[in-house]
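Geometric and topological summary
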Amino acid sequence: MEVLWSVITMGALGFLFSFGLVIAYRKLRVHEDPKIEKVAEILPQANCGACGYAGCRAFAEAVVKGETTPNGCPVGDADVVKQIAETLGVSAAEVVKKVARLHCRGTHEAAKNRGVYIGISTCGAAHLIGGNKQCSYGCLHFGDCARTCPFDAIYMSEEGLPIVIEDKCTACGKCVEACPRNLFELHPVSQGIIVFCRSKDRGPVSRKVCKNACIACGICSRACPEAIVIENNLAIITDYKKIDPEKIPEVEKCPTDSIGRLKKEDEG
Amino acid sequence: MKAKTFAHGIHPPEFKDFTAEKAIESLPPPEKVMIPLLQHFGKPAKPLVQKGDQVNLGQKIGEGQTLFSASVHSSVSGKVISVDYYNHPGGSPIPAVSITNDGQDHPFSDKEETKDPFSFSPEEIRQKVKEAGVVGMGGAAFPTAVKLSPPKDKPIETIIINGCECEPLLTSDYRLMLEAPEDILRGAELARIATGAKRIIVGIEDNKKKAFEIFQDKIQDFSGEIALLKTKYPQGAEKNLIYALLRREVPTGGLPFDVGVVVQNAGTAKAIWDAVSRGKPLYERVISVSGQGIMEPKNILVRIGTPFKNVVEFCGGLKENADILIMGGPMMGIVQWSLDVPVVKGTSGILAWAAPRPSLEYACIRCGRCVENCPMTLVPTQLAKYVKFDDLTAAEKWGVLDCVECGCCQYMCPSKIPLVHWMRVGKNRIITLKQKKSA
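An unreviewed UniProt entry lists chain B under the name 4Fe-4S ferredoxin-type domain-containing protein, with marine sediment metagenome as the source organism.

Digging into the packing of aromatic side chains
Counted by the stated rule, this structure contains 6 aromatic pairs over all chains. Ring plane angle 45° and centroid distance 5.5 Å describe the contact between A:Tyr117 and A:Phe142, whose orientation is recorded as tilted. Taken together, the positions of A:Tyr117 in the loop between β1 (98-102) and α5 (123-128) and A:Phe142 in the loop between α5 and α6 (144-148) put the pair 25 residues apart, joining distant regions of the chain. Taking the centre distance of 5.5 Å and the plane angle of 75° together, the rings of B:Phe15 and B:Trp353 count as edge-to-face. Residue B:Phe15 is located in the segment before β1 (25-26), and its partner B:Trp353 is located in strand β17 (residues 349-353); the two are separated by 338 residues in the primary sequence. For B:Phe15, a relative accessible area of 36% gives the class partly exposed. Every member of this aromatic cluster is reached through a ring pair, and the members are B:Phe15, B:Phe18 and B:Trp353. When the ring centre of B:Phe6 is taken as origin, the NZ or CZ atom of B:Lys232, which lies over that ring, is 4.8 Å away.

Describing a positive patch on the surface
Residue and element names in this part refer to chain B. Together, Lys2, Lys4, Lys230 and Arg247 give the surface a local cluster of positive charge. Structurally, lysine 230 is set in the loop between β11 (224-229) and α6 (238-246). What makes lysine 230 partly exposed here is its relative accessible area of 42%.

Describing the environment of B:Asp17
All names here are of chain B. Mapped onto the elements of the fold, aspartate 17 is located in the segment before β1. Of the residues examined, aspartate 17 reaches a relative accessible area of 73% and is grouped as exposed. Between the C-alpha atoms of aspartate 17 and serine 290, which are 273 residues apart in sequence, the distance is 9.7 Å.

Focus on unusual backbone geometry
Residues and elements named next belong to chain B. The omega angle of the peptide bond from tyrosine 233 to proline 234 is -5°, so this bond is cis rather than trans. The backbone phi angle of glutamate 165 is positive, close to 45°, even though this residue is not glycine. Residue placement: glutamate 165 occurs in the loop between β9 (158-163) and α3 (172-179). Residue classification places glutamate 165 among the buried residues on the basis of a relative accessible area of 10%.

Description of the pairing of β9(B)
Residue and element names in this part refer to chain B. Extensive coverage of β9 is indicated by the burial of 6 of its 6 residues. Every second residue of β9 is oriented toward a common face, with Thr158, Ile160 and Asn162 on one face and Ile159, Ile161 and Gly163 on the other, all of them buried. Two elements, β9 and strand β12 (residues 261-265), share 5 bridges in a ladder whose sense is parallel. Within β12, the residue paired with isoleucine 161 across the bridge is glutamine 264. As judged from the 6 bridges shared by β9 and strand β10 (residues 199-205), these two strands associate in the parallel manner. Bridge pairing links isoleucine 159 to isoleucine 200 in β10.

What about the UniProt feature "domain: 4Fe-4S" (unreviewed entry) in chain A?
The UniProt record annotates "domain: 4Fe-4S" (unreviewed entry) at residues 31-90 of chain A. From the first C-alpha to the last, residues 31-90 of chain A spans 22 Å; its make-up is 50% helix and 0% strand.

A look at the domain arrangement of chain B
All names here are of chain B. Partitioning chain B into structural domains gives domain 1 (119-278) and domain 2 (369-438). The C-alpha centroid of domain 2 is placed 29 Å from the C-alpha centroid of domain 1. Counting from both sides, the interface comprises 6 residues of domain 1 and, opposite them, 5 residues of domain 2. Together domain 1 and domain 2 conceal approximately 480 Å² of surface at their shared face, both sides included; 61% is due to carbon and sulfur atoms. At the boundary of domain 1 and domain 2, one finds 0 salt bridges.

Observations regarding the interface of chain B and chain A
Between chain B and chain A, the residue contacts involve 14 residues of the former and 15 residues of the latter. Across the chain B to chain A interface the summed buried area is about 1400 Å²; carbon plus sulfur atoms make up 65%. Taken as a group, B:Trp337, B:His421 and B:Arg424 account for 39% of the area that chain B buries against chain A, more than any other trio of residues on that side. Salt-bridge contacts for B:Asp84 lead to A:Arg202; the nearest nitrogen and oxygen are separated by 2.6 Å. For the pair chain B and chain A, the interface holds 2 residue pairs in polar contact (both at pLDDT 80 or more). A total of 6 residues in the side of chain B that touches chain A trace back to one element, the largest contributor, which is helix α13 (residues 419-438) of chain B. Its residues assigned to classes, the side of chain B that touches chain A shows 6 nonpolar, 4 polar and 4 charged.

Regarding the domain arrangement of chain A
Residues and elements named next belong to chain A. The domain boundaries assigned to chain A delineate domain 1 (34-88), domain 2 (97-189) and domain 3 (193-268). Computed over C-alpha atoms only, the centres of domain 1 and domain 2 are separated by 29 Å. Contacts between the two partners involve 5 residues from domain 1 and, on the opposite side, 6 residues from domain 2. Here domain 1 and domain 2 share an interface that buries about 410 Å² over both sides, 69% of which is from carbon and sulfur atoms.

Let's talk about the sheet that holds β9(B)
Note: strands within a sheet are paired through backbone hydrogen bonds, in either parallel or antiparallel orientation. All names here are of chain B. Read across the sheet, 4 strands follow the order β11-β10-β9-β12 without closing on themselves; strand pairing throughout is parallel. Each edge of the open sheet is held by one strand with a lone partner, namely β11 and β12. This sheet shows a mean twist of 25° between the axes of neighbouring strands, independent of strand direction.

Concerning the nonpolar core
All names here are of chain B. Core analysis: the biggest nonpolar cluster contains 47 residues, and Val129, Ile161, Ile184, Val202, Phe215 and Ile272 have the highest contact counts within it. Those elements that provide at least two residues to this core are α1 (122-131), β9, α3, α4 (181-195), β10, α5 (209-218), β11 and α7 (266-278). If one sorts the elements of this core by residue count, α7 sits on top with 7 residues. In contact with valine 129, other than residues within four places in its own chain, are Val134, Thr144, Ala145, Leu148, Ile272 and Val276.

Quick notes on α7(B)
Residues and elements named next belong to chain B. Between the first and last C-alpha of α7 there are 18 Å, a value that for 13 residues agrees with the 18 Å anticipated at 1.5 Å per step. Of all 13 residues that make up α7, 12 are buried, and the element is covered over most of its length. Buried-residue contacts for α7 involve α1, α2 (144-147), β9, α3, α4 and β12. Regarding α7, its N-cap is asparagine 265, as a side-chain oxygen of that residue lies 2.7 Å from the backbone nitrogen of glycine 267 further along. Within two residues after α7, glycine 279 carries a phi angle of roughly 65°, on the positive side.

Re the pattern of salt bridges
Per the stated rule, a full pass over the model turns up 38 salt bridges over all chains. The partner of A:Glu32 in a salt bridge is A:Arg57, with the nearest N and O atoms 2.4 Å apart. Of this pair, A:Glu32 sits in the loop between α1 (2-27) and α2 (34-42) while A:Arg57 sits in helix α3 (residues 56-65), placing them 25 residues apart in sequence. Taken together, the shared-partner salt bridges connect B:Asp105, B:Lys270, B:Asp274, B:Arg278, B:Lys280, B:Glu284 and B:Arg303 into one network.

Reading the values: the criteria
Residues numbered from 1 in each chain as written. Chains lettered and ligands numbered in written order. Predicted model: local features only at pLDDT ≥ 70, side-chain atom pairs only at ≥ 80, totals over all residues. Heavy atoms only, no water. Phe/Tyr/Trp six-rings, centres within 6.5 Å; stacked < 30°, edge-to-face > 60°. Helix = DSSP H or I, 4+ residues; strand = E, 2+ residues; numbered from the N terminus. Buried < 20%, exposed > 50% of the residue type's maximum accessible area, 1.4 Å probe, protein only. Lys NZ or Arg CZ within 6 Å of the ring centre and 35° of its normal. Patch = residues over 30% accessible without salt bridge, like charges linked within 9 Å, V, L, I, M, F, W, Y side chains within 5 Å. Areas by Shrake-Rupley, 256 points an atom, 1.4 Å probe, with all protein chains shown as cover. Salt bridge = Lys/Arg side-chain N within 4 Å of Asp/Glu carboxyl O. Lys, Arg positive; Asp, Glu negative; His and termini not counted. Charge placed at Lys NZ, Arg CZ, Asp CG, Glu CD. Pairing = 2+ DSSP bridges. UniProt positions renumbered as here; feature names shortened; annotations may be inferred. Domains from an automatic or database assignment. Contact = heavy atoms within 4.5 Å. Buried area = accessible area lost by both parts, 1.4 Å probe. Polar contact = N/O pair within 3.5 Å; in protein donor to acceptor, adjacent residues only side chain to side chain. Nonpolar A, V, L, I, M, F, W, Y, C, P; charged D, E, K, R; others polar. Axes fitted to C-alpha atoms, helices over the stretch in contact; angles between N-to-C directions. Core = buried A, V, L, I, M, F, W, Y, C linked by side-chain atoms within 4.5 Å. Expected span 1.5 Å × (residues − 1).

So this is what it looks like as structure tokens:
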């Protein structure tokens, strides 16, 4: 008899709880858009945060809600954007593949040191006290960018400068933020010609501190006045699309090699 | 009289004998001065002159734009040759006005003040101090006019005159205290009138007994007192000095205003007196040129904008073994890499040192000496680790922003860890992050 009672009570309890579970499932259920899951699967899953959201999943939620556009993920290439746009049924804006590029050619050899630097070996720390280089605009060689890159796309060369491996670079922009001297910039990969200097010193000064500094002589801007201007003692490319490919050899006559095409050794 | 002091802190070798007994000499004005338009933190002053202009001694050449910036004045008479970026002892180039000296020293205004300086109203005193571009002469160069304008809801009770000069080697304030004690006290009296304080306290460390005796004699004419302090570093830091004299603690992120105190350096007090009584802008200051690497250490009066090179040459040049050049004191000064930098308002000394290079950095052995000696009662070793591994929230919680960068921790560290450098990195990162967030 006792066995029977216990079986009945346990059975009744079981029914009661399962009933509760059924109610909970029906009433408290969260309706999640299945698209979020799909979009999240398409994303690169690097969780780098370069889009400005907490991670890939947070970005997926934002895209589905319409807070941002499919090309808001800087890491995803054209394929990713296309897939997301298809999933959501919206038209995708065209994506141009970008890469980070360094605007400095101040190698160990070219840019002179100020003295013996004793202190913390990071660019941020060295920059705080004015840097270890005589040039106050150029690369400090401690590699904060290489350490911060989530895709291992930057390494420090023997000459001292960081090298960006363009195939690996996803233009997440972490290096742009990490560099205390703001030497990185994201460029469309097709942009063939850039200025490798950020020094605003006058010509004689910058020439003294670095062999490869822009001395604002104006050869490049005279060769191609529609796209290159000299501002604050520095050549600036206002619109690279306007540079006539035929004029590039003329522009590359730069006496200090501070403007031109990327060389093999810059590409990694 | 028992000497007062604060908790913790260190007592490094003083080396003040190099220059303590040497009277202040004036350096002949150089042929060319480079006057930086920014001589403290904040934004550069707006230049008022152009290339080719003729300027006179004491003419205003840069107008301070924001509340926390001070005006800049010409320190010679002559012609402006350029307004351009120039080396700055702070490390990065700063816009500066270069002037060639015509040797005439034409004064900008020869108007003598006839009115009794003590009859000026607080507002007039502040205006005159601001017009003269007076800043704190201890090293940080905080604009003095701001310090003399306490907020209405914070009544000021005490003016403290900081005669500690706790940094080793420096003796410029000490010499001023010996040679112009009346001017310092009169300046203090003006600061007292400007802030509406009741009394003046002059704090002097017990390694400057001579100055202490002179001041005890002179203070009779003023409503104030002299306090003897036990020689210790960093007693000259505002917060520590207030604690040593009045046992009051300035709250985190607060100013001495919050505890009813204004602290002025002895040199600043003299500059206030000069500005109000004679309308003399701050275009020259006393500096100590000292150290084992200098041929003849001296205390000299130099014009702002004089290149370090002229100053060092006046003192016989550098010895061969000199391998480190510092602007300011050895504990908190800034290392220079060139002699081609101008003297600024905050230059309290130029030191050339022949010390052996610091050895390599070792791992922390958790001896706790940095904690024992931190005058702000922080835990430097832990803070350095938080900053190193990027835990800025924890660093802030443990008080990295309270750090005054006095260098006691690093001085005592047997492992030679660059603790102060880590603090600076941490403070800088936290502040930039905050600015980003609010923008």
